[in-house]
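Residue strings, one per chain:
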Amino acid sequence: MRRIALLAVVLLVSVNCPAQFKVATYKDGKKAALSFTFDDGASDQLTLAIPQLEKRGWRGTFYIIGSFIPEGDGTGFTWDVIRDLGGRGHEIGSHTMTHRNLLEIPYTDAVREVYDCDSLIMARTGVRPLSFAYPFNAADARIKDMAESGKVGSRTTQAVLGGRTTVDGFTKRLDETINRDGWLITMTHGIEKGYDHFTDLETFIGYLDLIKGREDDLWIAPFAEVTSYIKERDDVRLDIRVKGKKVRIAPECSLDREIFHSTLSLETPLQVRKAKQGRKDLKLKRFGEKTFVEFDPFGSSIVLKLSKRADQ
């Protein structure tokens, strides 16, 4: 009897502490994040890279150049192929209409390069591009503000994953990313041909296997999804109310819900028996000593029902 009473007190104290509930740094409590990004629409990204990503359950971000995509039938990246990729969970991002250096042309031309590509992707796929990659990685504050308008963000840092990459160098960068709770964004062009291509497909696969070996620590997702998660995570506020073994959490996110789209992971050391947001049952995952609840930061209040015993 005394043990049960003590357990109840411990549980009550734990629940009443707001610090017991927070948004995880990355989805499902992963230590770090990784996004595969591919530039320029090289044809062997379709034939070689995508099958290898999907074989491992991963999805990538493909930055396309608007004028490089044929309007009719063709090989490689066509609008039919691009629509199909989007439907399979890959991200289609904008990389300008003609791949000009945006810092070397008049600002009005730079605006046209970005907006025309965005509009073309929207018109041909029905989905607005949510992220942008700068040709030659060239941008300043003015270009960045313009290019990110209506998007979750743009790629401003990246780690080359291609012919110039070394296994030792990439391994070091990957480990550093995990150790500092970071986000590694890879940039690839060709696989077996084209700019900065690998020696062969097996070399590319070797890097994927290296990443796969660290998957327990990595959330692997397209660029826009990770960007959206980070910005929502940093913006959302949680109003937490406790009544017995029921916890009500009201999320409030000030970002544009038409653009930001990622669900967030609520983290708690407490045992959660059931979670709902409105009428929807939320996904629960238990890793180690923590429970993670996937929720919509723009949605209604979350209701958690805690287990009666800490070991349930």
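Everything discussed here concerns the structure shown above.
The following paragraphs examine the structure supplied in this document. (Residues numbered from 1 in each chain as written. Predicted model: local features only at pLDDT ≥ 70, side-chain atom pairs only at ≥ 80, totals over all residues. Heavy atoms only, no water.)

## Some points on a positive patch on the surface
- The grouping of Lys243, Lys245, Lys246, Arg248, Arg273, Lys274, Lys305 and Lys308 at the surface amounts to a positive patch.
- Elements with a minimum of two residues in the positive patch: strand E11 (246-252) and strand E13 (272-277).
- Mapped onto the elements of the fold, Lys305 is located in strand E17 (residues 302-306).
- Among the residues examined, Lys305 registers a relative accessible area of 34% and is labelled partly exposed. (Patch = residues over 30% accessible without salt bridge, like charges linked within 9 Å, V, L, I, M, F, W, Y side chains within 5 Å. Areas by Shrake-Rupley, 256 points an atom, 1.4 Å probe, with all protein chains shown as cover. Salt bridge = Lys/Arg side-chain N within 4 Å of Asp/Glu carboxyl O. Lys, Arg positive; Asp, Glu negative; His and termini not counted. Charge placed at Lys NZ, Arg CZ, Asp CG, Glu CD. Helix = DSSP H or I, 4+ residues; strand = E, 2+ residues; numbered from the N terminus. Buried < 20%, exposed > 50% of the residue type's maximum accessible area, 1.4 Å probe, protein only.)

## A few points about the layout of surface pockets
- Counted as a void, the largest pocket has a volume near 760 Å³.
- Mapped onto the lining of the largest pocket, the elements with two or more residues apiece are helix H3 (79-87), strand E4 (91-94), helix H4 (107-125), strand E9 (218-220), helix H8 (223-235) and strand E15 (284-287).
- Considering each element in turn, the lining of the largest pocket owes the most residues, 4 residues, to H3.
- Classifying every residue of the lining of the largest pocket gives 15 nonpolar, 8 polar and 12 charged.
- What lines the second largest pocket is a set of 15 residues, and nearest its centre among them are Gly29, Lys30, Lys31, Glu267 and Phe292.
- Residues belonging to the lining of the second largest pocket are distributed by class as follows: 4 nonpolar, 2 polar and 9 charged. (1 Å grid on protein atoms, 1.4 Å probe; cavity = no way out; pocket = protein on both sides within 12 Å on 5 of 7 lines; lining within 4 Å. Points joined across faces, edges and corners; volume = space filled by probe spheres on them. Nonpolar A, V, L, I, M, F, W, Y, C, P; charged D, E, K, R; others polar.)

## What about H8?
- With 13 residues, H8 should reach 18 Å at 1.5 Å per residue; the first-to-last C-alpha distance of 18 Å fits that figure.
- Those residues of H8 that fall on the buried side of the exposure criterion are Phe223, Ala224, Val226, Thr227, Ser228, Tyr229, Ile230 and Glu232. (Expected span 1.5 Å × (residues − 1).)

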